[in-house]
Amino acid sequence: MNITELHVYGVDLHIANGPYVMSGSSLEGVDSTIVELVTDTGLRAYGETCPVGPTYQPEHALGARAALAEMVPHLIGTDPLNAGTLHRTMNSHLNGHNYAKAAIDVAHWDLLGKTLGVRVCDLFGGALREEVPAYYAIGLGAPDDVACEALEQSRQGYGRLQIKVGGRPIEFDIETIHKVWEAVGRTVRLVADANRAWTSRDALHFSKACSDIPIVLEQPCNTMAEIARIRRLLEHPVYLDESTENLDDVLCAVGSGLCDGFGFKIGRLGGLSALRTARDICRSTSLPHTCDDGFGGDIVAAACVHAGATVEAHLNEGVWIAEPYLASHYDPEGGIAVSHGKIPVPQGPGLGVNPSPDHLGTPIASYG
Ligand code: 0XW
Ligand code: MG
């Protein structure tokens, strides 16, 4: 099989109940990039990359498109069923830019599934469940408002809530988490995600002030070195998110005992192939983790759900998808959605989503 054409689409994802506020950003919408891979067998496959704004990671929408422009001409004529060939070809023409490579990698898994008539989760070792647990992220806000939303989302069926903190006086974060705890107690698992914003001093202060609340601290500080400095003084488990920019970082964090789990992102790691390796490292070392991406529509969501379906229950921290914050689907019939805190695993071959041409519009670039 050969790649004959590759089309790139840009899709504006408006955040319906925005803004979506994290410590470093406030977003009303995001710009997603979809790749459509066309083969000489007539099969088409899809991948998507969608940085959640330009400051969350060293990633941005136009960067993804520029990176694809560097790599894609060299992919025309190659075998899309061979992940090794695809990655070697991409790496030989562009250093880094995992998030752009991730879109091609995801399209590879979609195509392989469609070719064999099986789902991506089957290619990943088989689904352990047909509904994966979802978690919900509550943006930065006033303590009472956040507590109110936490209660509402727990009633919607979410078993895990991620509360955004950071980028403001630490007293607000401490008050927020106490109010959330009063509102929801042990009915849900809680995570405080500072998205790199706390100083080590703030993280220590927060952890002491909330020592009676069972909560995970996700990416409290900017770098692994800052986290290493205070790790043994914290009263809470620490998960890494933004710091793990590739598999080397994951290995380094595991090897040095820097964390108790991870928030993984498909784009940041470089695709489903890398996420599968990260999942297996975590299985060997008993480290819980999520299967997420920064943002994205049905294609990203399906990729996260297939991966999440294969994570063993005791290590499965759930899947975050952007669907609750979005007004429409690429696939009007088979769109991926949260229902009562769970996401059904798509049944069709490959990713199991078929974007409608209406939603994709006209390609912004075509190759082949
Ligand atoms: C909740 N997320 C998975 C989605 C956001 O875009 C960022 C994020 C995180 O955990 O940082
Ligand atoms: Mg995070």
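S.K.: Please clarify how the pairing of strand S10 (residues 215-218) should be interpreted in this entry.
M.R.: A regular strand carries its side chains on alternate faces of the sheet. Burial of S10 is two-sided: the residues Ile215 and Leu217 facing one way and the residues Val216 and Glu218 facing the other way are all buried. Sheet topology note: the strand S9 (residues 189-193)/S10 ladder contains four bridges and is parallel. For Leu190, the partnering residue across the bridge sits in S10 and is Ile215. Remark: the S9/helix H7 (residues 200-209)/S10 crossover connection has right-handed handedness.

S.K.: Would you mind going over the sheet that holds strand S15 (residues 365-367) with me for this structure?
M.R.: Strand-to-strand pairing in sheets goes through backbone hydrogen bonds, with the strands running parallel or antiparallel. Reading across from one edge, S5-S4-S1-S15 is the order of the four strands in this open sheet, with antiparallel pairing throughout. The open sheet terminates on both sides in strands that have one partner only, identified here as strand S5 (44-49) and S15. Looking at each pair of strands side by side, their axes are set apart by 20° on average, direction ignored. The sheet contact formed by strand S4 (residues 29-39) and S5 spans six bridges and is antiparallel. Counterpart to Glu36 in the pairing with S5 is Tyr46. With respect to the sheet, helix H12 (residues 298-308) is in contact with S4 and S5, its orientation differing from that of S5 by roughly 90°.

S.K.: Looking at this structure, how should I read the packing of helix H2 (residues 83-93) against helix H3 (residues 98-116)?
M.R.: When two helices pack together, their arrangement is given by the angle between their axes and by how far apart the axes lie. At a minimum axis separation of 10 Å, H2 and H3 run at an interaxial angle of 165°. When the interaxial angle is binned, H2 and H3 end up roughly antiparallel. Crossing of H2 over H3 shows right-handed handedness. Side by side, H2 and H3 meet where Ala83, Leu86, His87, Met90 and Asn91 of the first sit next to Lys101, Ile104, Asp105 and His108 of the second.

S.K.: Explanation requested: the nonpolar core in the structure shown.
M.R.: Nonpolar side chains in soluble globular proteins generally cluster together in the buried interior. Judged by nonpolar contacts, the single largest core of 98 residues is most densely connected at Leu272 and Phe295. A per-element tally of this core places H12 first, with eight residues. Among the domains, domain 1 (3-117 + 355-367) and domain 2 (122-344) are the pair contributing at least three residues each to this core. Non-local contacts of Leu272, meaning those with residues more than four positions away in its chain, are made with Asp105, Val106, Trp109, Val120, Phe124, Ile266, Ala303 and Ala307. Of all hydrophobic cores here, the second largest spans 20 residues; its members include Ile3, Leu37, Val72 and Ala107.

S.K.: How should unusual backbone geometry be read in this particular structure?
M.R.: As a rule of thumb, non-glycine residues mostly have phi less than zero, and peptide bonds are mostly trans rather than cis. Residue Gly18 is joined to Pro19 through a cis peptide bond whose omega torsion reads 0°. Although it is not a glycine, Gln219 sits at a positive phi angle of roughly 35°. Its place among the elements puts Gln219 in the loop between S10 and helix H8 (224-230). For His340, which is not glycine, the phi dihedral falls at a positive 50°.

S.K.: Mind showing me how you'd approach the domain arrangement of the chain here?
M.R.: How big an interface is tends to be expressed through the accessible area that disappears when the partners come together. When cut into domains, the chain gives domain 1 (3-117 + 355-367) and domain 2 (122-344). Taken over C-alpha atoms, the centre of domain 1 sits 23 Å from the centre of domain 2. Taken residue by residue, the interface counts 38 residues in domain 1 and 46 residues in domain 2. The contact between domain 1 and domain 2 buries some 3100 Å² in all, and 62% of this surface belongs to carbon and sulfur atoms.

S.K.: Whenever I open this one, the coordination of the magnesium ion (ligand 2) confuses me. Can you help?
M.R.: Note on the magnesium ion (ligand 2): its protein donors are Asp193 (OD), Glu218 (OE) and Asp241 (OD). The metal-donor distances range over 2.0 to 2.2 Å. Here the donor residues of the magnesium ion (ligand 2) share one chain and are spaced in sequence as D-x24-E-x22-D. With Asp193 in strand S9 and Asp241 in the loop between strand S11 (238-240) and helix H9 (247-255), this residue pair connects regions lying 48 residues apart in the sequence. Among the residues examined, Asp193 registers a relative accessible area of 0% and is labelled buried. Using a relative accessible area of 1% as the deciding quantity, one classes Asp241 as buried.

S.K.: Help me understand the side chain of Thr49 in this model?
M.R.: As for its position among the elements, Thr49 is in strand S5. At 2.8 Å, the side chain of Thr49 and the backbone oxygen of Tyr99 are in polar contact. Aside from chain neighbours lying at most four places away, what touches Thr49 is Ser32, Thr33, Ala64, Tyr99, Ala100 and Ala103.

S.K.: Would you mind showing me how to read the pairing of S4 here?
M.R.: Counting buried positions along S4 gives nine out of 11 residues, so the element sits mostly inside the fold. Where strand S1 (residues 3-14) lies against S4, 11 bridges are found, and the strand directions are antiparallel. Following the sheet pairing, Ile3 is matched in S4 by Thr39. Between S4 and S5, which pair antiparallel one after the other, the connecting turn spans four residues, and Gly42 there sits at a positive phi close to 90°.

S.K.: Is there a simple way to explain the packing of aromatic side chains in this structure?
M.R.: To describe a pair of aromatic rings, one takes the distance between the centres and the angle between the planes. Across all of its chains, the model carries 10 aromatic pairs by this definition. Between Tyr20 and Trp320, the ring centres sit 6.2 Å apart and the planes meet at 35°, which makes this aromatic pair tilted. One end of the pair, Tyr20, is in strand S2 (residues 20-22); the other, Trp320, is in the loop between H12 and strand S14 (342-344), and 300 residues separate them in sequence. A single burial state applies to Tyr20 and to Trp320, both of which are buried. Each ring, one from Tyr20 and one from Tyr325, has its centre 5.3 Å from the other, and the planes form 75°; the classification is edge-to-face. With Tyr20 in strand S2 and Tyr325 in the loop between H12 and S14, this pair connects stretches of sequence that are 305 residues apart. Just as Tyr20 is buried, Tyr325 falls in that class too. Members of the aromatic cluster, each reached through a chain of ring pairs, are Tyr20, Tyr136, Tyr158, Phe295, Trp320 and Tyr325. Taking the ring centre of Tyr135 as reference, the NZ or CZ of Arg160 above it sits at 4.7 Å. Over the face of the ring belonging to Phe124 we find Arg276, whose NZ or CZ atom lies 5.2 Å from the ring centre.

So, how was this worked out
Residues numbered from 1 in each chain as written. Chains lettered and ligands numbered in written order. Predicted model: local features only at pLDDT ≥ 70, side-chain atom pairs only at ≥ 80, totals over all residues. Heavy atoms only, no water. Buried < 20%, exposed > 50% of the residue type's maximum accessible area, 1.4 Å probe, protein only. Helix = DSSP H or I, 4+ residues; strand = E, 2+ residues; numbered from the N terminus. Pairing = 2+ DSSP bridges. Right-handed = clockwise from strand over helix to strand, strands pointing away. Axes fitted to C-alpha atoms, helices over the stretch in contact; angles between N-to-C directions. Contact = heavy atoms within 4.5 Å. Parallel < 35°, antiparallel > 145°, perpendicular 65-115°, else oblique. Left-handed = near helix turned anticlockwise from the far one by under 90°. Core = buried A, V, L, I, M, F, W, Y, C linked by side-chain atoms within 4.5 Å. Domains from an automatic or database assignment. Buried area = accessible area lost by both parts, 1.4 Å probe. Donors = N, O, S within 2.8 Å, 3.2 Å for Na, K, Ca; no water. Polar contact = N/O pair within 3.5 Å; in protein donor to acceptor, adjacent residues only side chain to side chain. Phe/Tyr/Trp six-rings, centres within 6.5 Å; stacked < 30°, edge-to-face > 60°. Lys NZ or Arg CZ within 6 Å of the ring centre and 35° of its normal.

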